[in-house]
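# Topology and contacts: notes
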Amino acid sequence: MSRKAEQRRRQFQSRQMQRLGLDFEFLDAFEASDLSVEDCQAAANTWPSPTLREDIACFTSHRLAWKIIVERNERTLILEDDAVLASGFADAIRSIEARRDNWDCVYDLEFAPRPHILAKSAAWTDGMHRATRVFQNRVGSAGYVIGPRAALKMLEDTKNYSLLDAYFWHRGWLKAYQIEPTPVIQMQFLDGIPDNSAFVRKSIDREYLPRSELRRKLMRLRLEGIKARNLVRGWLGGETRPLQIDRASFAADLDIKPPAVTPPHY
């Protein structure tokens with residue numbers, strides 16, 4: 001997913017996919033600038049934490065992707081446009097494609113810097129990558145694989161705005177699996193990038209808060225209740241640890257600078 005105006009990001013992704021020999025297509029992301037103040041406030045009234053215009057646009061963009069997945073009836077990889085892919089990324093995707101999973105299985109391929117609660121042993125491995133059940137402390141939606149039935153269920157669950165990262169991975173019906181070593185990382189978490197300014201999101205607006213303090217507290221209690229259920233599952237059969245990542249598998253020269261433009265001759 002990428003905004004039409006983010007040409008630098010699109011050029012980077014095109015070069016990255018070409019280098020890895022992958023087919024892909026861009027989905028035009030929802031524009032935050034299309035949201036009115038009233039739209040933003042209405043969304044904020046359905047979520048307990050402060051809401052940014054960009055968060056609402058991100059949430060809406062992923063819902064657009066889920067609708068396409070349902071229409072095509074195909075399990076699909078969703079990548080945000082600041083995702084950097086490891087050299088073994090295609091191998092991880094092929095391993096997922098070869099499996100006959102239940103409809104409620106969703107694979108997270110992304111590295112996140114905070115510790116997760118994961119099962120103590122992997123559900124499966126292909127010798128290079130392994131998939132481990134995730135119970136808690138999930139954040140990030142820059143790279144994941146989801147099927148049509150799970151996408152449809154997610155659409156049903158997200159008719160009102162919710163902060164995508166905090167909501168998506170805590171559905172009670174969802175069986176989330178983490179791929180390790182993680183083959184996807186957001187540009188901001190990759191070391192040694194001299195010029196990644198085009199890959200850093202900047203807020204363009206103020207934060208919006210729920211108008212009802214009582215409603216905000218009730219929504220918070222409900223959300224924490226869902227997280228607590230997953231936390232109990234993690235206590236019973238999981239462990240808290242950082243995600244494993246092989247940083248050497250990511251290209252040293254990502255070529256994120258825009259291509260040089262030859263001046264016209266008159």
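Residues numbered from 1 in each chain as written. Predicted model: local features only at pLDDT ≥ 70, side-chain atom pairs only at ≥ 80, totals over all residues. Heavy atoms only, no water.

We now examine the packing of helix 3 (residues 53-72) against helix 5 (residues 148-157). One way to put it is that helix 3 packs onto helix 5 with a least axis distance of 8 Å and a crossing angle of 135 degrees. By the angle between their axes, helix 3 is oblique relative to helix 5. Both helix 3 and helix 5 take part in a crossing whose hand is left-handed. Packed against helix 3, whose contacting residues are Arg63, Trp66, Lys67, Ile69 and Val70, the element helix 5 presents Pro148, Ala151, Leu152, Met154 and Leu155 at the interface. Here the residues of the contact of helix 3 with helix 5 sort into eight nonpolar, no polar and two charged. (Axes fitted to C-alpha atoms, helices over the stretch in contact; angles between N-to-C directions. Helix = DSSP H or I, 4+ residues; strand = E, 2+ residues; numbered from the N terminus. Parallel < 35°, antiparallel > 145°, perpendicular 65-115°, else oblique. Left-handed = near helix turned anticlockwise from the far one by under 90°. Contact = heavy atoms within 4.5 Å. Nonpolar A, V, L, I, M, F, W, Y, C, P; charged D, E, K, R; others polar.)

Tallying each qualifying case throughout the model produces ten aromatic pairs. On the basis of an interplanar angle of 35 degrees and a centroid distance of 5.9 Å, the ring pair of Tyr107 and Tyr177 is categorised as tilted. Of this pair, Tyr107 sits in strand 3 (residues 105-108) while Tyr177 is found in strand 8 (residues 175-180), placing the two residues 70 residues apart along the sequence. Here Tyr107 falls in the buried class, since its relative accessible area comes to 1%. Owing to a relative accessible area of 15%, Tyr177 belongs among the buried residues under this scheme. Following the ring pairs from residue to residue traces out a cluster consisting of Trp66, Tyr144, Phe168 and Trp169. The ring of Tyr167 is capped by Arg171, whose NZ or CZ atom sits 3.5 Å from the centre of that ring. If you follow Arg247 out to its NZ or CZ, it ends over the ring of Phe111, 5.4 Å from the centre. (Phe/Tyr/Trp six-rings, centres within 6.5 Å; stacked < 30°, edge-to-face > 60°. Buried < 20%, exposed > 50% of the residue type's maximum accessible area, 1.4 Å probe, protein only. Lys NZ or Arg CZ within 6 Å of the ring centre and 35° of its normal.)

All we've got here are geometric facts, nothing functional implied.
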